[in-house]
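For reference, the chains in residue letters:
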Amino acid sequence: VEANQRLGAQTVAAFGRLDMFVANAGLTLWSAFLETTPELWQTLVDLNLKGSFFGAQAAARQMVAQGRDSSGYGGRIVFSSSVTGIQAIPNAAVYGLTKAGLRHLARELAVELGPYGITVNALGIGATLNERNLREDPAYAEHWAALIPTGRVGEPRDVAQALLFLVSVSYTHLTL
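Here goes a summary of the coordinates provided. (Residues numbered from 1 in each chain as written. Predicted model: local features only at pLDDT ≥ 70, side-chain atom pairs only at ≥ 80, totals over all residues. Heavy atoms only, no water.)

Some details on unusual backbone geometry
The phi dihedral of asparagine 91 falls on the positive side, at around 70°, and the residue is not glycine. Locating asparagine 91 in the fold gives a position in the loop between strand E2 (75-82) and helix H3 (93-113). (Helix = DSSP H or I, 4+ residues; strand = E, 2+ residues; numbered from the N terminus.)

Concerning the pattern of salt bridges
Tallied over the entire structure, the rule returns four salt bridges. For aspartate 19, the salt bridge identified is with arginine 17, shortest N-O distance 2.6 Å. Residue aspartate 158 pairs with arginine 152 through a salt bridge whose shortest N-O separation is 3.0 Å. Exposure remark for aspartate 158: the relative accessible area of 24% places this residue in the partly exposed category. (Salt bridge = Lys/Arg side-chain N within 4 Å of Asp/Glu carboxyl O. Buried < 20%, exposed > 50% of the residue type's maximum accessible area, 1.4 Å probe, protein only.)

Here we look at the pairing of E2
When a strand is regular, its side chains alternate between the sheet's two faces. Counted residue by residue, E2 has eight buried out of eight residues, so it is predominantly covered. Of the two faces of E2, the one holding Gly75, Ile77, Phe79 and Ser81 and the one holding Arg76, Val78, Ser80 and Ser82 are both buried throughout. As paired strands, strand E1 (residues 20-23) and E2 are joined by four bridges and run parallel to one another. Within E2, the position partnered with alanine 23 by the bridge is phenylalanine 79. Since E1 and E2 lie parallel, the crossover through helix H2 (residues 38-66) that links them has a hand, and here it is right-handed. The β-α-β motif built from E2, the intervening H3 and the parallel element strand E3 (residues 118-125) has right-handed crossover chirality. (Pairing = 2+ DSSP bridges. Right-handed = clockwise from strand over helix to strand, strands pointing away.)

Examining the packing of aromatic side chains
Remark: the centre distance and the inter-plane angle together describe each pair of aromatic rings, the angle taken between the planes. Applying the stated criterion to the full structure yields two aromatic pairs. Ring geometry for phenylalanine 53 against phenylalanine 54: centres 4.9 Å apart, planes inclined by 70°, an arrangement best described as edge-to-face. Look at phenylalanine 53 and you get partly exposed, because its relative accessible area is 37%. For the pair tyrosine 140 and tryptophan 144, a centre-to-centre distance of 6.1 Å together with 40° between the ring planes defines the contact as tilted. Taken as a pair, tyrosine 140 and tryptophan 144 lie in helix H5 (residues 140-145) at a separation of four residues, close to a single helical turn. Taking relative accessible area as the criterion, tyrosine 140 reaches 9% and is therefore assigned buried. (Phe/Tyr/Trp six-rings, centres within 6.5 Å; stacked < 30°, edge-to-face > 60°.)

Quick look at the sheet that holds E1
Pairing is parallel across the open sheet formed by three strands, whose spatial order is E1-E2-E3. Either end of the sheet is taken by a strand with one partner, and the two such strands are E1 and E3. With direction set aside, neighbouring strand axes in the sheet form an average angle of 15°. With respect to the sheet, helix H6 (residues 156-167) is in contact with E1, E2 and E3, its orientation differing from that of E3 by roughly 165°. (Axes fitted to C-alpha atoms, helices over the stretch in contact; angles between N-to-C directions. Contact = heavy atoms within 4.5 Å.)

Laid out in structure tokens, this is it:
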């Protein structure tokens, strides 16, 4: 909790204000339900849920204190969720429930923080090609691509583009 507050204070000191917060820290630990230990449970819940919750709280307090800008913008909060928050995957019970929790937290905070001009979203990231996934499974892309309608896994730039959209100010002015 204190680390989140320090990070927010450092951001304000360096840039004058805090306009966005992305809770991107997360950990995937695979464990069969019947084999899951209390320690594994606590590790995932602490990092994926507790860290995101209190990081967003510290950021939102700063955003509320700053107030809205002239266009009504109050800030952006985005949680890094996962498709496992809606789609069950074997050996991911605890990870999936933390990601589902972030999806629900985003809904709750959107209601509470919307009146301050702060938008809150959860980005449901799917199978993404990265160093960690390739270390765990050198054939990661082939294994997961077969399950994806486009026939390919995501790349970090796909996630970055979606995130950039969600933290941008301009999307609030789109006319559909």
